[in-house]
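Summary of structural features
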Amino acid sequence: MAFVKTIDIISNNGTTYADTAEFQVAHGPCGTMNEAFVTDSSMTLLDGGTGVRVVLTYVDQATHDEHGGAGLDALADVDVTTVSAV
């Protein structure tokens with residue numbers, strides 16, 4: 001059964017972004033391009049432009065667990081919050 005994780009990645013240094021492309025220039029694709037683990041993904045700019053919401057879809061929870069945090073802990077100047085994981 002598919003496993004979907006939704007996370008918010010928010011700048012903690014006052015930076016605002018015009019769009020998701022600008023956010024990705026600063027912080028990378030945040031797991032959305034990792035086709036070895038993720039079957040579908042999306043990234044949308046949050047209100048106020050201080051961060052993005054990322055939705056990652058996996059084949060199952062085991063694949064999610066193998067993917068780990070997608071390196072998100074290594075991102076500088078952001079806070080990562082899990083919105084849901086089901």
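1. A few points about the overall build of the protein
A count of helices and strands for the protein gives two helices and four strands. Listing each helix as α and each strand as β along the protein from the N terminus yields β-α-β-β-α-β. For the protein, the C-alpha radius of gyration of 12 Å lies close to 12 Å, the compact-globule estimate for 86 residues. Counting only C-alpha atoms, the protein reaches 40 × 20 × 20 Å along its principal axes. For the protein, the share of sequence-separated contacts (at least 6 apart) that also reach a separation of at least 24 residues comes to 69%.

2. Details of the pattern of salt bridges
According to the stated counting rule, one finds one salt bridge in the structure shown. D8 is paired through a salt bridge with R53; the nearest N and O atoms lie 2.7 Å apart. Of this pair, D8 sits in strand β1 (residues 3–11) while R53 sits in strand β3 (residues 51–58); the two residues are 45 residues apart in sequence, bridging distant segments of the chain. For D8, a relative accessible area of 11% translates into the label buried.

3. Digging into the pairing of strand β2 (residues 38–45)
Sheet analysis places β2 next to β3, joined by seven bridges and oriented antiparallel. The partner of T44 across the bridge, within β3, is R53. Linking two consecutive strands that pair antiparallel, namely β2 and β3, is a turn of five residues; a positive phi of about 90 degrees is found at G48 within it.

4. Digging into the side chain of H64
Note on placement: H64 falls in helix α2 (residues 61–67). A polar contact is formed between the side chain of H64 and the side chain of K5, at a distance of 3.5 Å. Setting aside residues up to four positions removed in sequence, H64 forms contacts with F3, K5 and Y58.

5. Overview of the sheet that holds β2
Pairing in this open sheet of four strands is antiparallel, and the strands run β2-β3-β1-β4 from one edge to the other. The two strands at the open ends of the sheet, each matched to only one other strand, are β2 and β4 (78–85). Averaged over neighbouring strand pairs, the angle between their axes works out to 20 degrees when direction is ignored. Packed onto the sheet, helix α1 (residues 20–27) meets β1, β2, β3 and β4 and runs at close to 110 degrees relative to β2.

6. Looking at the pairing of β1
Counting buried positions over the nine residues of β1 gives seven, a clear majority of the element. Pairing geometry for β1 and β3, over eight bridges, is antiparallel. Across the sheet, the residue bridging to I7 is V54, located in β3. Two strands pair when backbone bridges link them, and β1 and β4 are joined in this way by seven bridges, in the antiparallel orientation. Residue K5 lies in a different strand from β4, and its bridge partner there is A85.

What counts as what
Residues numbered from 1 in each chain as written. Predicted model: local features only at pLDDT ≥ 70, side-chain atom pairs only at ≥ 80, totals over all residues. Heavy atoms only, no water. Helix = DSSP H or I, 4+ residues; strand = E, 2+ residues; numbered from the N terminus. Rg over C-alpha atoms; globule rule 2.2 N^0.38 Å. Contact = heavy atoms within 4.5 Å. Salt bridge = Lys/Arg side-chain N within 4 Å of Asp/Glu carboxyl O. Buried < 20%, exposed > 50% of the residue type's maximum accessible area, 1.4 Å probe, protein only. Pairing = 2+ DSSP bridges. Polar contact = N/O pair within 3.5 Å; in protein donor to acceptor, adjacent residues only side chain to side chain. Axes fitted to C-alpha atoms, helices over the stretch in contact; angles between N-to-C directions.

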